[in-house]
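# A structural walkthrough
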Amino acid sequence: MRPIALVLLLAATLGATSAPPARDRAHTYLMLRVVDALDLTDDKALQMRDILRRADARRVALTTQRDALDAKLRTALNAAPVDAAALGQLVADTHNVQSQLASLPETTFDEAQKILTVEQQAKLLLFRRDLQGEVRQAIRRRATSGPAHAAHPKADGH
Amino acid sequence: MTSIDCHRLRPVLVDLAVGTLGYEQAEVVLAHIEICATCRGDLATMRGVATELRHPAAPTPPDEFWQRQRTSIMRRIGVEPLVERRPTRRWAIAGALATAALALLLVRGHFRAHTPAPAHSIDRLDDDTLLHLDDLLPAFVPAGTLDDADADAVAANDAAVAWPGEEPDL
């Protein structure tokens, strides 16, 4: 084996044993729960993983756009006099982004429907609500038992 | 696919099976599994083992256990063991019931103290991962569902309030 290939192989192995960031762990956990709840085959799991990854990337992009538009709205409202035409455009843009954010879960489900059986679709509808309940309950439990949010990078909007 | 890939990815299959592998690494492994029947079979086996560990069959105490418990309780309440004096039918029934209740409490206490959280339990996530998971869900769960789920969580907390003399069943 050539030295460069060996180094790359070792780097990949080391990378595979180091602790992944919390965001990656959250992705992995979500995927494992989805695979378990829907009893997905490996090929369906791969397709579902891509759907969820695209949905999350879209969420991050829309959230970033929304935050930028919110800042522009505040600036425009504080201007004197208010530029009605510019503000009108900002309102339309912001409303559009918020609508896209709101419809994102259904877009995700629509994509999932294309690859899942009806039984799996039904399980997905129940599972996503159950998981949300579990997450909320776990956060509430931890919030009442000690500081849980200190290290969370909420400021990045992801 | 070469055996080098299988050899390289084999150690992380276990992590993938129990849910501790990072997203990016899981991607690599899942891509390999898609085209490698051997590793796919191994992963299925490992997941089966993980499931077994998560749902262990409850052990059934042997007859000797029940007999010892019964004798012990009968002795505590002042009734001689069967070999020395045969109890009345009423005492026998009371003793059997008391034994069953005590055994149930013992077994319940044992499992509460020793049963680990399931491998995929949300309680195994660290705080950062849990909060990132909460951030991921809006792409996956509609807002109306979030409110419902929140209410469900509150209801679950209310339901977990303990009866007098009993621990909350969280």
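How each quantity is defined
- Residues numbered from 1 in each chain as written.
- Chains lettered and ligands numbered in written order.
- Predicted model: local features only at pLDDT ≥ 70, side-chain atom pairs only at ≥ 80, totals over all residues.
- Helix = DSSP H or I, 4+ residues; strand = E, 2+ residues; numbered from the N terminus.
- Buried ≥ 20, exposed ≤ 12 C-beta atoms within 10 Å, placed from the backbone.
- Contact = placed C-beta atoms within 7 Å.
- Core = buried A, V, L, I, M, F, W, Y, C linked by C-beta atoms within 7 Å.
- Domains from an automatic or database assignment.
- pLDDT = per-residue confidence, 0-100.
- Axes fitted to C-alpha atoms, helices over the stretch in contact; angles between N-to-C directions.
- Parallel < 35°, antiparallel > 145°, perpendicular 65-115°, else oblique.
- Left-handed = near helix turned anticlockwise from the far one by under 90°.
- Nonpolar A, V, L, I, M, F, W, Y, C, P; charged D, E, K, R; others polar.
- Expected span 1.5 Å × (residues − 1).

## Observations concerning the overall build of chain A
Counting its regular elements, chain A contains 5 helices and 0 strands. In sequence order, chain A lays out its α and β elements as α-α-α-α-α. The 158 residues of chain A split such that 26% are buried. Expressed as a percentage of contacts within chain A between residues at least 6 apart in sequence, the contacts between residues at least 24 apart total 63%.

## Section: the overall build of chain B
Scanning chain B from terminus to terminus reveals 7 helices and 0 strands. Each helix and strand of chain B, placed in order from N terminus to C terminus, yields the pattern α-α-α-α-α-α-α. By the burial criterion, 21% of the 170 residues in chain B qualify as buried. Sequence-distant contacts in chain B: of pairs separated by 6 or more residues, those separated by 24 or more amount to 54%.

## What about the environment of A:Thr94?
Residues and elements named next belong to chain A. Relative to the assigned elements, threonine 94 resides in helix 4 (residues 84-113). What makes threonine 94 partly exposed here is the crowd of 17 C-beta atoms within 10 Å. On a C-alpha basis, the gap between threonine 94 and aspartate 70 in space is 7.3 Å, while along the polypeptide they are 24 residues apart. Setting aside residues up to four positions removed in sequence, threonine 94 forms contacts with Leu69 and Leu73.

## A short note on the nonpolar core
One finds A:Leu30, B:Leu13, B:Leu16, B:Val29 and B:Leu133 to be the most contacted residues of the largest nonpolar core, which totals 43 residues. The set of elements that each furnish at least two residues to this core consists of helix 2 (22-38), helix 3 (42-78), helix 4 and helix 5 (118-145) of chain A together with helix 1 (3-18), helix 2 (23-35), helix 3 (37-54) and helix 6 (127-136) of chain B. Per-element accounting of this core gives the leading share, 9 residues, to helix 2 of chain A. When we break this core down by domain, the ones giving at least three residues each are domain 1 (3-54) and domain 3 (125-159) of chain B. In this view, A:Leu30 contacts A:Leu52, B:Leu133 and B:Leu136; residues no more than four positions away in its chain are not counted.

## Concerning the environment of A:Val34
Mapped onto the elements of the fold, A:Val34 is located in helix 2. Residue A:Val34 is classed as buried on the basis of its 24 C-beta neighbours within 10 Å.

## Considerations on the confidence of the model for chain B
Residues and elements named next belong to chain B. Per-residue pLDDT for chain B averages 71, and the proportion of residues at 70 or more is 61%. Within chain B, the lowest mean pLDDT, 60, falls on helix 7 (residues 143-159), and the highest, 89, falls on helix 6. Overall, residues 161-170 carries pLDDT values under 50, and its contacts beyond four positions in sequence, including any with other chains, amount to 6 contacts. Across the interface, the model reports ipTM at 0.74; the global pTM reads 0.53.

## Quick look at unusual backbone geometry
Residue and element names in this part refer to chain A. For the bond running from alanine 80 to proline 81, omega is 0 degrees, close enough to zero to count as cis. By the secondary structure assignment, proline 81 is in the loop between helix 3 and helix 4. The residue aspartate 39 is not glycine, and still its phi comes out positive at about 55 degrees.

## Considerations on the packing of helix 5 of chain A against helix 6 of chain B
At their nearest, the axes of helix 5 of chain A and helix 6 of chain B sit 10 Å apart, and the two run at 140 degrees to each other. Compared by their axis directions, helix 5 of chain A and helix 6 of chain B come out oblique. Crossing handedness for the pair helix 5 of chain A and helix 6 of chain B: left-handed. Contact residues: helix 5 of chain A offers A:Val135, A:Ala138, A:Ile139 and A:Arg142, while helix 6 of chain B offers B:Asp127, B:Leu130, B:Leu133 and B:Asp134.

## Quick word on the confidence of the model for chain A
Residues and elements named next belong to chain A. A residue-level look at chain A finds 79% of positions with pLDDT of 70 or above and a mean pLDDT of 83. By mean pLDDT, the top-scoring element of chain A is helix 4 (95), and the lowest-scoring one is helix 1 (residues 3-17) (39). Segment residues 1-17 is flagged for pLDDT under 50; beyond a separation of four residues in sequence, or across chains, it makes 7 contacts in the model.

## Focus on the packing of helix 3 of chain A against helix 2 of chain B
Angle between the axes and distance between the axes: these two values describe a pair of packed helices. For the pair helix 3 of chain A and helix 2 of chain B, interaxial distance at closest approach is 9 Å and the crossing angle is 145 degrees. Crossing of helix 3 of chain A over helix 2 of chain B shows left-handed handedness. Residue-level contacts link A:Asp42, A:Asp43, A:Ala45, A:Leu46 and A:Arg49 of helix 3 of chain A to B:Leu30, B:Ile33 and B:Glu34 of helix 2 of chain B. Among the residues making up the contact of helix 3 of chain A with helix 2 of chain B, the classes are represented as 4 nonpolar, no polar and 4 charged.

## Thoughts on helix 3 of chain A
End to end, helix 3 of chain A covers 54 Å across 37 residues, agreeing with the expected 54 Å (1.5 Å per residue, within 8%). Taken residue by residue, helix 3 of chain A has A:Met48, A:Arg49, A:Ile51, A:Leu52, A:Ala55, A:Asp56, A:Arg59 and A:Leu62 as its buried positions. Looking at the buried positions of helix 3 of chain A, the neighbouring elements they touch are helix 2 and helix 4 of chain A together with helix 2 and helix 6 of chain B.

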